[in-house]
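Structural overview
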Amino acid sequence: MKLIQTALPEVLVFEPQVFGDERGFFFESFNVRRFADLTGLHPQFVQDNHSRSAQNVVRGLHYQVGRPQAKLIRVVAGSVFDVVVDMRRAAPTFGRAVVTELSAENRRQIWVPPGFAHGFLATSDHAECLYKTTDYWSPENERTLMWNDPALGIDWPLSGAPIVSPKDREGRPFALAEAVE
Ligand SMILES: Cc1cn([C@H]2C[C@H](O)[C@@H](COP(=O)(O)OP(=O)(O)O[C@H]3O[C@H](C)C(=O)[C@H](O)[C@H]3O)O2)c(=O)[nH]c1=O
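Residues numbered from 1 in each chain as written. Predicted model: local features only at pLDDT ≥ 70, side-chain atom pairs only at ≥ 80, totals over all residues. Heavy atoms only, no water.

Here we come to the UniProt feature "active site" (unreviewed entry) in the chain. Residues annotated by UniProt as "active site" (unreviewed entry) correspond here to His62 and Tyr131. On the basis of their most widely separated C-alpha atoms, the annotated residues across 70 residues gather in one place, lying no more than 13.9 Å apart. Position of histidine 62 among the secondary structure elements: in strand S6 (residues 57–64). When near neighbours in sequence (up to four residues on either side) are disregarded, histidine 62 contacts Lys71, Phe116, Ala117, His118, Glu142, Arg143, Thr144, Lys167 and Asp168. Relative to the assigned elements, tyrosine 131 resides in strand S12 (residues 126–133). Discounting residues that sit within four places of it in the chain, tyrosine 131 has contacts with Gln47, Asp48, Asn49, Ser51, Leu72 and Ile73. (UniProt positions renumbered as here; feature names shortened; annotations may be inferred. Helix = DSSP H or I, 4+ residues; strand = E, 2+ residues; numbered from the N terminus. Contact = heavy atoms within 4.5 Å.)

This structure, assessed with the given rule, holds nine salt bridges. Of the charged contacts in the structure, one is a salt bridge between arginine 23 and aspartate 21, with a shortest N-O distance of 2.5 Å. Residue arginine 23 is classed as exposed on the basis of its relative accessible area, which comes to 74%. Accessibility expressed as a relative area gives 32% for aspartate 21, which makes it partly exposed. Put simply, arginine 88 and aspartate 86 hold a salt bridge, and the shortest N to O gap is 2.7 Å. For aspartate 86, a relative accessible area of 0% puts it in the buried group. (Salt bridge = Lys/Arg side-chain N within 4 Å of Asp/Glu carboxyl O. Buried < 20%, exposed > 50% of the residue type's maximum accessible area, 1.4 Å probe, protein only.)

Before going further, it helps to examine the nonpolar core. Of all hydrophobic cores here, the largest spans 19 residues; its most connected members are Leu61, Val85, Met87, Leu145 and Trp156. Secondary structure elements with two or more residues in this core: S6, strand S8 (79–86) and strand S11 (116–122). In this view, leucine 61 contacts Val83, Val85, Ala117, His118, Gly119, Arg143, Thr144, Leu145, Met146, Trp147, Leu152 and Trp156; residues no more than four positions away in its chain are not counted. Core analysis: the second largest hydrophobic core is formed by 16 residues, Leu8, Val84, Leu102 and Phe116 among them. (Core = buried A, V, L, I, M, F, W, Y, C linked by side-chain atoms within 4.5 Å.)

A separate point is the site of the ligand. What surrounds the ligand is the set Gln47, Arg59, His62, Lys71, His118, Phe120, Tyr131, Trp137, Glu142 and Lys167. Within the side chain of lysine 167, a nitrogen or oxygen atom sits 2.6 Å from an oxygen atom of the ligand. Those elements that provide at least two residues to the shell around the ligand are S6 and S11. Per-class residue counts for the shell around the ligand are three nonpolar, three polar and four charged. (Near = heavy atom within 4 Å. Polar contact = N/O pair within 3.5 Å; in protein donor to acceptor, adjacent residues only side chain to side chain. Nonpolar A, V, L, I, M, F, W, Y, C, P; charged D, E, K, R; others polar.)

Okay, structure coming up:
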């Protein structure tokens, strides 16, 4: 497992060691000891999630207040343009975004710490994401940052009109400048 730094020091990308042979491949997608050796972190995951998205679906940008979730995300089919935004108002990097391609091909994973918003654009015909979270989903604590807020400076590689859930489109999204918690 290789650790890759990002423009946000707390947001980490991992590349697993893949063992290929004539049958196919094997790799450890998560290992508590290896993760702790690489990061010094000991996350206690309580939930595994699996989502499938058609091309041009945008999910997010979501984060939870009150019950902040850390997430460890990977793509097992297709590819996504993955986005993480620092939502810690007191942080010098508040509002800064990092983008990463996660795909079944590169097998990269991204660690999204508590206090960071997460979302992605599906860039393949279909994309399937698996991810672990360190706290349970809490709808009343979920916040949605407007995925296309110009203040984020994110150049989304859309290949057509984005498919966005009503919640992310007009439900509760707010601009970065309106983030109060
Ligand atoms: C997140 C979640 C959702 N749900 C139910 C609620 C809805 O009936 C349905 C779809 O939920 P939602 O539209 O919020 O799913 P996403 O837009 O993929 O949400 C995710 O989007 C971005 C990419 C994230 O990083 C978060 O993990 C998560 O917020 O699943 C659950 O039952 N448990 C859950 O943990």
